[in-house]
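Fold and contact review
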Amino acid sequence: MARNVIITGCNRGIGKAMVEVFAASGSNIWACARKSTTEYDAWLKETAEKAGVWIKPIYFELTDKDAITAGIQSIINDGQPIDVLVNNAGISTVGLLSMSKVEDIENLFAVNYFAMLRIIQKVSKRMARQKKGVIINMGSIAGIEPQAGKIAYGSSKSAVMMMTKCLAKELGPMGIRVNAIAPGPVETEMIHQYKDDILNNLASESALRRLGTTVEIAQVALFLASEQASYINGEIIKVDGGR
């Protein structure tokens, strides 16, 4: 029986790879993104047809709590079991505290933490009725390793990873596993806000001397969603090439 999976932030980067990897494994997907585009909708249709699964686009802004509620409710109203939730969507900023607006940091937390919390709260209630489910949250190595300029992003990801551990304790008795992935630097659009010399330094910090790929992160999520990971709960899986 095919898994039904919710994935957020599907229109680029790691989220896009998540859709492709989960679809190729035979999973049906609710693909969540901010807005519809002709190119994105066509890609979803092509990916679904190629894999022989259904992929339903769901659109909402992560800063709009009412839109989040409506989007997730529309998924629940489909009446299908929700087997896996992959909370991938997020934003990144770099900046010293002295040069940052607190309002911008609040906005980052609204997207990276509170939107995720709202989605989990609604989806986990459905999973609890099913007495099973898997939740995978996207953390970051930035939430583990302190860095100047990463006070906002790093703190938001630390919060996500502590939330993951707390929810694993809370939801585990209901048959719901909750884990997080903490990627190191990955080859995405987001990372190319940095100059080439910084990217080279980031690659050199890995024992493998390279950046990760989006597919490598997605494959870890696929494993955590599988029965092969049925006794893994409350873990932060670092995928950083051995920093």
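The structure we're discussing is the one just above.
Every chain is numbered on its own, with residues counted from 1 as its sequence reads. At least 70 in pLDDT is required for a residue's local features to be given in this predicted model, at least 80 for side-chain atom pairs to be given and counted, and no such filter applies to totals for whole chains, interfaces and linings, which use all residues. The side-chain figures draw on all heavy atoms in the structure; neither hydrogens nor water molecules are used.

**A word on the overall build of the protein chain**
Tallying secondary structure elements over the protein chain gives 7 helices and 7 strands in all. For the purposes of this entry, the term helix denotes a DSSP run of H or I that reaches at least four residues, the term strand denotes a run of E that reaches at least two, and both are numbered from the N terminus. Counting from the amino terminus, helix and strand elements in the protein chain follow one another as β-α-β-α-β-α-β-α-β-α-β-α-α-β. Here the globule rule reads 2.2 Å times residues to the power 0.38, and the radius of gyration is calculated from C-alpha atoms. Taking 2.2 N^0.38 as the reference for a compact globule, 243 residues should give roughly 18 Å; the C-alpha atoms of the protein chain span a radius of gyration of 17 Å, in line with that estimate. Projecting the C-alpha coordinates of the protein chain onto the three principal axes gives extents of approximately 50 × 35 × 35 Å. Categorising residues by exposure relies on relative accessible area from a 1.4 Å probe, with only protein chains included: less than 20% of the type maximum marks a residue as buried, more than 50% marks it as exposed, and the intermediate range marks it as partly exposed. The 243 residues of the protein chain split such that 48% are buried. Put simply, of all contacts in the protein chain between residues at least 6 apart along the chain, 75% involve residues at least 24 apart. Residue burial considers only the protein chains on display, and all accessible areas are found by Shrake-Rupley using a 1.4 Å probe. In the structure as shown, the protein chain presents an accessible area of about 12200 Å², 54% of it carried by carbon and sulfur atoms. Contact criterion: two residues are considered in contact whenever any of their non-hydrogen atoms come within 4.5 Å of each other.

**Some words on the pattern of salt bridges**
The salt bridge criterion pairs a side-chain nitrogen of Lys or Arg with a carboxyl oxygen of Asp or Glu, the two atoms within 4 Å. Tallied over the full model, the rule gives 6 salt bridges. Note that Arg 34 and Glu 61 form a salt bridge whose closest N and O atoms lie 3.9 Å from each other. Linking Arg 34 in the loop between strand E2 (28-33) and helix H2 (38-51) with Glu 61 in the loop between strand E3 (55-59) and helix H3 (65-77), this pair joins segments that are 27 residues apart in sequence. Salt bridges sharing common partners tie together Glu 145, Glu 205 and Arg 243.

**Focus: helix H4 (residues 102-130)**
Between its first and last C-alpha atoms H4 spans 41 Å; for 29 residues at 1.5 Å apiece the expected length is 42 Å, and the two agree. Of all the bends in H4, the greatest, near 40°, is centred on Ala 110. Following H4 by one or two positions, Lys 131 adopts a phi angle in the positive range, close to 65°. The length a helix should cover is 1.5 Å for every residue beyond the first. Across the chain, bend at a residue is computed as the angle between axes fitted to the seven residues ending at that point and the seven starting from it.

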